[in-house]
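Spelled out from the first residue to the last, the chains are:
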There are 2 protein chains.
Amino acid sequence: MYVVCVRVKVKPERVEEFLSAILDNARGTRQEPGNLRFDVLREEADATRFFLYEVYRTPEDFAAHQKTLHYLAWRDRVQDWMAEARVGVKHTSLFPPDRDW
Amino acid sequence: MYVVCVRVKVKPERVEEFLSAILDNARGTRQEPGNLRFDVLREEADATRFFLYEVYRTPEDFAAHQKTLHYLAWRDRVQDWMAEARVGVKHTSLFPPDRDW
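About the cut-offs
- Residues numbered from 1 in each chain as written.
- Chains lettered and ligands numbered in written order.
- Predicted model: local features only at pLDDT ≥ 70, side-chain atom pairs only at ≥ 80, totals over all residues.
- Least-squares fit on C-alpha atoms with pLDDT ≥ 70 in both.
- Contact = placed C-beta atoms within 7 Å.
- Pairing = 2+ DSSP bridges.
- Helix = DSSP H or I, 4+ residues; strand = E, 2+ residues; numbered from the N terminus.

**Digging into the relation of the copies chain A and chain B**
Put simply, the two copies of the chain differ by a rotation about an axis and a shift along that axis.
At step 1: The operation relating chain A to chain B is a screw motion whose rotation component is 180°, with 0.0 Å of axial translation and a residual RMSD of 0.0 Å. Within this description, the copies of the chain are treated as partners about a two-fold rotation axis. Judged by C-alpha distance, tyrosine 53 of chain A is the residue of chain A that lies nearest the rotation axis, at 4.5 Å.
At step 2: Interface overlap between copies: 100% of the residues of chain A at the interface are likewise at the interface in chain B, consistent with a symmetric, same-surface contact.

**Regarding the pairing of strand S1 (residues 2-9) of chain B**
Residues and elements named next belong to chain B.
At step 1: Relative to strand S3 (residues 49-56), S1 is paired through eight bridges, and the arrangement is antiparallel. By the bridge assignment, valine 6 is partnered in S3 with leucine 52.
At step 2: Sheet topology note: the S1/strand S4 (residues 87-95) ladder contains six bridges and is antiparallel. Across the sheet, the residue bridging to arginine 7 is valine 87, located in S4.

Don't take any of this as a statement about function, it's just geometry.
If you want it as structure tokens, here you go:
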């Protein structure tokens, strides 16, 4: 699997709007045939920090995601709400075996 | 859900041993009743960096994990193989709803 992990720090006054926007993106992404997960987490120690765990079958599925309307709408909508630049890190999976995702 | 994300940087000459050790820990953890996932990922840009995505039902389930033999054996086994201190960040989940994990 191809897993993209994104760390997000949101301006405190924009957290509620951010939550609405990221859930729209998550639900849209889960409809993509190449997407397996889109978990949205909130950091225990800082309620303005979020973590996105995005699982795609292949790098090409992630590239297709970045062309979808729900992704592009999200990207533009949240642009001014970030307190820090987003950090996205790409991974390949070692465990569990691909058949068990 | 209670999600622990751990970033690991391994000494290059210890990567193969680390892989064996982390897979033992992952398989053991998946047998815990309070554990839902233990994904082991490798960073695309740096083959000595790994990411662990550990999902527990509750913080108490994570605390129980940290007392298991497979966790303690792993912790001791890899101690000298780290190139940097491990970074673990705890989260609560917002999406998907708990029933869908």
